[in-house]
Amino acid sequence: MTLTKSKYVRYCQCPKMLWMDYHKPEEGVKDESLDARFNEGHECGELAKGLFGDYVECTALRPDGSLDISMMLAQTKKAVARGMETICEAAFSIYGLYCAVDILHKTQGGYSVYEVKSSTGIKEEYLWDLAFQKHVLKLSRINVTGMYIVHVNNTYVRQGEIDLGKFFITEDVSEDIEPYYEKVAKTVSEAKNYLNAWQEPEMEIGLRCHHPYGCPYWTHCMNTPSPNVFDLYRIREEEALDLYNSGVRTLKDIYCSGDYTDETQQGRQVRYANENLPAYVDKEGLRAFLSKIKYPMYFLDFETFMTCIPRYDGVRPYQQVPFQYSLHILESENAPLVHREFLADENEDPRRAVAESLVETIPEDATILAYNMSFERGRIKELADRFPDLAGRLMQMREQFVDLLEPFQNGFVYNRQMGGSFSIKSVLPALFPDDPELNYTSLDEVHNGGQATATYLALEDMSPADRDRARANLLKYCCLDTYGMVRIWQKLKELAA
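Residues numbered from 1 in each chain as written. Predicted model: local features only at pLDDT ≥ 70, side-chain atom pairs only at ≥ 80, totals over all residues. Heavy atoms only, no water.

## Some points on the nonpolar core
Ranked by internal contacts, the top residues of the largest apolar core, which has 75 residues, are Tyr 371 and Phe 408. In terms of residues, this core owes the most to one element, helix 19 (residues 464-496), which gives 11 residues. Those residues in contact with Phe 408 that sit more than four places away from it in its chain are Gln 265, Tyr 371, Val 413, Met 418, Phe 422, Val 427, Leu 431, Ile 488 and Leu 492. Grouped together as the second largest cluster of nonpolar side chains are 42 residues, Met 20, Ile 94, Val 101 and Val 184 included. (Core = buried A, V, L, I, M, F, W, Y, C linked by side-chain atoms within 4.5 Å. Buried < 20%, exposed > 50% of the residue type's maximum accessible area, 1.4 Å probe, protein only. Helix = DSSP H or I, 4+ residues; strand = E, 2+ residues; numbered from the N terminus. Contact = heavy atoms within 4.5 Å.)

Right under this line is the structure:
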């Protein structure tokens, strides 16, 4: 069993997580966002290779696309022997340990190691990673003269070609990793022994289950059906763990203990999970909320993407860029429901087109309804900052919003199907169980925001037929978001009557 730097970090977070990777990987639950994060990291790493100018690339692939480790090792050995100044993806393997160094840069008397991260700061797990790399390089007779973390500068704003010296921040962590380096040899030995155990180890769940990375075996290790203490509305993780480790694990356990049964959101959730109660409705609160909504009504939802490497001028790393919106419109009480939609050309910066379309479409006297309106208002503020000629109307637009999340967050409406979440994906099936019109899983290919982002970013590389199909699927998904908001508003009116 070869221990790589990523596996070493897994062991440092939770030994059982690494054991499960080797012995019971089928118990893991795939994180849908993992591939997107991996791709972001890969693109960031590719960009950073140019930090020192020309370099030797040691990455080698087999015909099936997998890494050819033997070839990488041979190419690295050759590059080091020739004294190449900058070596990228330099591979080393010794005593069952393996690592590929992002950037190995020659210095007087040896090499410095540069670990590239797509994050915007330094985290402790990066020091585990670098300490392991230093250990492997030392065993491989490489004199390590410095250890550095290269991460993204979140204040960088693109103007023209990416300026590597400004986009990246390089920090010397040579001294910071020493306490971690001193433990590597012992930890490596423990990890190897741990992996050789055939019986699944016992280990209590704790904060490490989600920090620094989410664990795919969380459900397996927790072994407690939902709803449980971790599903409680806005419960702090430490508080949920205290309850769990004291033996209070399900909402039934909480109910029997007599705690969390008051009129708070958590208390209501516990009682409704254990008693056959009808839906709770605060009619007075609902009527006060609904009185803020005036015709004409424009139900708005954005779709956005964010990338580590900004695609357009005036964009920061990880800034949300709107590329699509859906509007359902009710001009008056007896007017028909009208739908408007916009999906930008994927081959250009979409922001100006989105901003102009919003200004042209939404009148000044409209009530704009959104679900969790802070997101839409934030994007409109960014558009106003970018386009001064449209800023007046866009900033006025921000003041026209009413948030459909408000009556649920304020506890005006609740039923047990909502559980501990008031997201639109939780509220819709709770208010409209088994309604095929509101079923996101029935949509083609695009079922959530993450898939919408991935689809839009992939459009430019698609064939014309695939592109047309994908754009149609994006429109259907965003349309369902605003149609769902219309149905929620109608249901609130019905409940307040």
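## Focus: empty space enclosed by the protein
One pass over the structure, following the stated rule, counts 1 cavity of 30 Å³ or more. In this structure, the largest cavity spans a volume of roughly 80 Å³. Lining the largest cavity are Cys 14, Lys 16, Met 17, Met 203, Glu 204, Ile 205, Arg 208, Cys 209, Cys 215, Tyr 217, Trp 218 and Cys 221. Listing elements by their share of the lining of the largest cavity, those giving two or more residues are helix 2 (15-23) and helix 8 (218-222). Considering only residue class, the lining of the largest cavity consists of 9 nonpolar, no polar and 3 charged. (1 Å grid on protein atoms, 1.4 Å probe; cavity = no way out; pocket = protein on both sides within 12 Å on 5 of 7 lines; lining within 4 Å. Points joined across faces, edges and corners; volume = space filled by probe spheres on them. Nonpolar A, V, L, I, M, F, W, Y, C, P; charged D, E, K, R; others polar.)

## Section: the packing of helix 13 (residues 351-361) against helix 15 (residues 388-398)
Contact geometry for helix 13 and helix 15: axes closest at 10 Å, N-to-C directions at 60°. In this view, helix 13 runs oblique relative to helix 15, as classed from their interaxial angle. When you trace helix 13 past helix 15, the crossing you get is left-handed. For the pair helix 13 and helix 15, contact is made by Arg 352, Ala 355, Glu 356, Leu 358 and Val 359 and by Asp 389, Leu 390, Arg 393, Leu 394 and Met 397, respectively. Residues of the contact of helix 13 with helix 15, tallied by class, amount to 6 nonpolar, no polar and 4 charged. (Axes fitted to C-alpha atoms, helices over the stretch in contact; angles between N-to-C directions. Parallel < 35°, antiparallel > 145°, perpendicular 65-115°, else oblique. Left-handed = near helix turned anticlockwise from the far one by under 90°.)

## Section: the pattern of salt bridges
Two side chains that carry opposite charge are able to pair once their charged atoms sit near each other. Overall, the coordinates contain 32 salt bridges when judged by the stated rule. One salt bridge connects Glu 57 with Lys 49, and the closest N-O pair in it is separated by 2.5 Å. The class for Lys 49 is buried, based on a relative accessible area of 4%. One network of salt bridges, in which partners are shared, links Lys 5, Glu 115, Lys 117 and Asp 129. (Salt bridge = Lys/Arg side-chain N within 4 Å of Asp/Glu carboxyl O.)

On their own, these measurements won't tell you what the molecule is for.
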